Amino acid sequence: MERKQVQSQQSSSAEQEVAQVEIQHQAREVNQAQVAETDDLLAEIDGLLEENAEEFVKGFVQKGGQ
Amino acid sequence: MERRIFGIETEYGISYVPDQLGPLGPEEAARILFKPVVESWRSTNVFLPNGSRLYLDVGSHPEYATAESANLRDLIAQDKAGEMLFADLLNQAQDTLEELGQQGRMYLFKNNVDSAGNSFGSHENFMIERKVEFAKLVRSLIPFLITRQIMVGAGKTHPTGPEQWGSTPVGVAGEPSFSFSQRADYIWEGASTATTRSRPLINTRDEPHADAQLYRRMHVINGDSNMSQTTTLLKIGATDIVLRMLEDHFPLANFEVKDTATALRVVSHDLTGTARFELADGSFKSALEMQRHYLSSAHKYIEQHGTHREDVPYILDLWKRALQAVETGDYSAIDTEIDWAIKKKLLDAYIARGASGYDDPRIQQLDLSYHDIDPDRGVFNVLAKAGRARSVVSAEAIEQATMVPPNTRAKIRGRFIAAARAAGEQFTVDWVHLRLNNKPQFNLQCKDPFESHSDEVQMLLNAMRQTTAEPWSPPFI
């Protein structure tokens, strides 16, 4: 009885390991997809920004309001 | 006060980027921006049929004041309608400039500071009852206003680190940094009647724009201009709940702060939320400790008194998640709902891909472009379209709000303006008064901002309608 239990525990922990590896793998795929999506988004934003970043920022000077 | 009137006034920054020589100063740019307003209304200070006020303010800042709103969704739709109206004016200005042979691009920023450290505001209005002891309410609200920036700030980079203030260290001097708030560095005191010489958290001028015997206006001027709808919802919603607790004398700890200006800066430049500052009683507290107290009190209060607005459960939940995020440094639960976290996520993604840090010119540019109101070019708007910023009000509702007033006194005003315009009558309006210039017998006052119908105005509208060939229709500018 005891041995069986140990065995089944072992096999279940092995299953868990497999499951965990799968989850990690899936997570990595999701992460990679997210990174690629972010890369695309940042590229889109880059295309919309003024070329001269410094002049764009420094050029915005206006008297204070309230 | 369970029902309340809300309003937000936003000053925008204006800038023109020329392709070649020939920059356009803010005065000239604003003049071109307002050209269609002047052509249509013969003034740079107008009330529109949606009940709002659109005008050119001190320092050539285009400004939009939402119509009186009695619920938070209307307020957000109205606030966003202001961006939409100005984006339309921006398009028209671009055409005018091209006709004049000027090559370049005009920008309007919904932020609070320019590159030289000049600040402009976002003012919030909360109606309160006259019978409430005003000075005490102001005193009790100030500690909440000092510390709420850790939830609702719009975020700001500091290429040379935080500017030091007095003897208490503010952040890490000299190191490029990111702060919660745009506005915190420009506020000097708790409450006064000033707005530009010395900026307080609360402006105490007594202008109720309503029956002065019944109502008063709490005019909060230290908040950041928010791009995110959900951040605006939390900013106004949480402040409304705290006001309710104070009005009802719900027991809250006394956090009276010793030095408002120092506390504001310490809180803004400490992303951990744990930096302590001195209270009037000599003890020390952090923004997180104080906000945790306000939030747990708000939960108890709402349990006892009930949810008075549809968004209260969401407001309390976002409030909790924002404090958790600051406490743990894990912003993933708020990085589509809170402006500073949305912005920081974007900047950090650029830094992870090679930008040198918060002092990188590209990062500075993104920080500013986040607030560009152009729907296709502005960085916040691009993020929102990509699903990186949550909204609570639809694009259709915002478009509708550029034309249709909320169901308050604004409705009376909006209908009056539309009818008078259609009848070709000269008129004068402000928040309270409606006048036909050539018919002095029609000089009406609406002192109850909750009232959306007036028999007198209805009779006037009927009379004017008989002389009208066609109803006046949008575009109104």
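If you're wondering where the values come from, they're calculated on a predicted model, not measured in any experiment. (Residues numbered from 1 in each chain as written. Chains lettered and ligands numbered in written order. Predicted model: local features only at pLDDT ≥ 70, side-chain atom pairs only at ≥ 80, totals over all residues.)

## Remarks on the packing of helix 3 (residues 72-99) of chain B against helix 6 (residues 229-247) of chain B
Residues and elements named next belong to chain B.
And then number 1: It is at 10 Å that the axes of helix 3 and helix 6 come closest, and there the two elements cross at 130°. Our classification of the angle between helix 3 and helix 6 gives oblique. Crossing of helix 3 against helix 6: the hand is right-handed. Packed against helix 3, whose contacting residues are Leu72, Leu75, Ile76, Asp79 and Lys80, the element helix 6 presents Gln229, Thr232, Leu233, Ile236 and Gly237 at the interface.
And then number 2: Among the residues making up the contact of helix 3 with helix 6, the classes are represented as five nonpolar, three polar and two charged. (Axes fitted to C-alpha atoms, helices over the stretch in contact; angles between N-to-C directions. Helix = DSSP H or I, 4+ residues; strand = E, 2+ residues; numbered from the N terminus. Parallel < 35°, antiparallel > 145°, perpendicular 65-115°, else oblique. Left-handed = near helix turned anticlockwise from the far one by under 90°. Contact = placed C-beta atoms within 7 Å. Nonpolar A, V, L, I, M, F, W, Y, C, P; charged D, E, K, R; others polar.)

## A few points about the domain arrangement of chain B
Accessible area lost on assembly of the parts is the figure often given for the size of an interface.
And then number 1: On domain assignment, one finds that chain B holds domain 1 (130-361) and domain 2 (405-466).
And then number 2: Computed over C-alpha atoms only, the centres of domain 1 of chain B and domain 2 of chain B are separated by 38 Å. (Domains from an automatic or database assignment.)

## Description of the nonpolar core
All names here are of chain B.
And then number 1: Ranked by internal contacts, the top residues of the largest apolar core, which has 126 residues, are Leu33, Val242, Val267 and Ala322.
And then number 2: Among the elements that make up this core, the one with the highest residue count is helix 3 (10 residues).
And then number 3: Shared between two domains, this core takes at least three residues from each, and those domains are domain 1 (130-361) and domain 2 (405-466).
And then number 4: Setting aside anything within four residues of it in sequence, one finds Val267 in contact with Ile146, Thr147, Gln149, Ile150, Ala184, Ala275 and Ala287. (Core = buried A, V, L, I, M, F, W, Y, C linked by C-beta atoms within 7 Å. Buried ≥ 20, exposed ≤ 12 C-beta atoms within 10 Å, placed from the backbone.)

## Some thoughts on unusual backbone geometry
All names here are of chain B.
And then number 1: Positive phi outside glycine occurs at Ser60, with the angle close to 60°.
And then number 2: Relative to the elements of secondary structure, Ser60 occurs in the loop between strand 4 (53-57) and strand 5 (61-65).
And then number 3: Positive phi is not limited to glycine here, since His209 has a value of about 50°.
And then number 4: By secondary structure assignment, the location of His209 is in the loop between strand 11 (200-203) and strand 12 (215-220).

## Here we look at the UniProt feature "binding site: ATP" (unreviewed entry) in chain B
Residue and element names in this part refer to chain B.
And then number 1: The UniProt record marks Arg53, Thr66 and Trp431 with the feature "binding site: ATP" (unreviewed entry), using the residue numbering of this structure. What stands out for the annotated residues spanning 379 residues is how close their C-alpha atoms remain, the widest pair being 11.0 Å apart.
And then number 2: Among the structural elements, Arg53 can be located in strand 4.
And then number 3: Of the residues examined, Arg53 has 20 C-beta atoms within 10 Å and is grouped as buried.
And then number 4: The residues contacting Arg53, other than those within four sequence positions of it, are Phe47 and Ala65.
And then number 5: With 27 C-beta atoms packed within 10 Å, Thr66 lands in the buried category.
And then number 6: Excluding anything up to four places from it in sequence, Thr66 contacts Gly7, Ile8, Ser52, Leu75, Gln78, Asp79 and Gly82. (UniProt positions renumbered as here; feature names shortened; annotations may be inferred.)

## Quick word on the UniProt feature "binding site: Mg(2+)" (unreviewed entry) in chain B
Residues and elements named next belong to chain B.
And then number 1: Taking the UniProt record as the reference, the feature "binding site: Mg(2+)" (unreviewed entry) is found at Glu9, Tyr55 and Glu63. Across 55 residues, the annotated set stays spatially compact, with a maximum C-alpha separation of 10.7 Å.
And then number 2: Structurally, Glu9 is set in strand 1 (residues 6-11).
And then number 3: Owing to 23 C-beta atoms within 10 Å, Glu9 belongs among the buried residues under this scheme.
And then number 4: In this structure, Tyr55 sits in strand 4.
And then number 5: Overall, Tyr55 belongs to the partly exposed group, with 17 C-beta atoms counted inside 10 Å.
And then number 6: Each residue touching Tyr55, except ones within four places of it in the same chain, is listed here: Thr44, Asn45, Val46 and Glu63.

## Focus on the interface of chain A and chain B
And then number 1: Facing the 21 residues of chain A at the interface are 35 residues of chain B.
And then number 2: Examining the composition of the side of chain A that touches chain B, we find that six residues originate from one element, helix 1 (residues 2-48) of chain A, more than from any other.

## Some words on the environment of Gln66 of chain A
Residues and elements named next belong to chain A.
And then number 1: By the secondary structure assignment, Gln66 is in the segment after helix 2 (53-58).
And then number 2: Given 20 C-beta atoms within a 10 Å radius, Gln66 is considered buried.
And then number 3: Linking Gln66 and Val35, residues 31 residues apart in sequence, is a C-alpha distance of 41 Å.

## Notes on the sheet that holds strand 16 (residues 433-436) of chain B
Residue and element names in this part refer to chain B.
And then number 1: Overall, antiparallel pairing links the three strands, which are arranged 15-16-17 in an open sheet. Edge positions in the sheet fall to strand 15 (427-429) and strand 17 (443-445), since each has one partner strand and no second. Averaged over all neighbouring strand pairs, the angle between strand axes comes to 10°, with direction disregarded.
And then number 2: This element, helix 14 (residues 409-422), spans strand 15 and strand 16 of the sheet and lies at about 165° to strand 15. (Pairing = 2+ DSSP bridges.)

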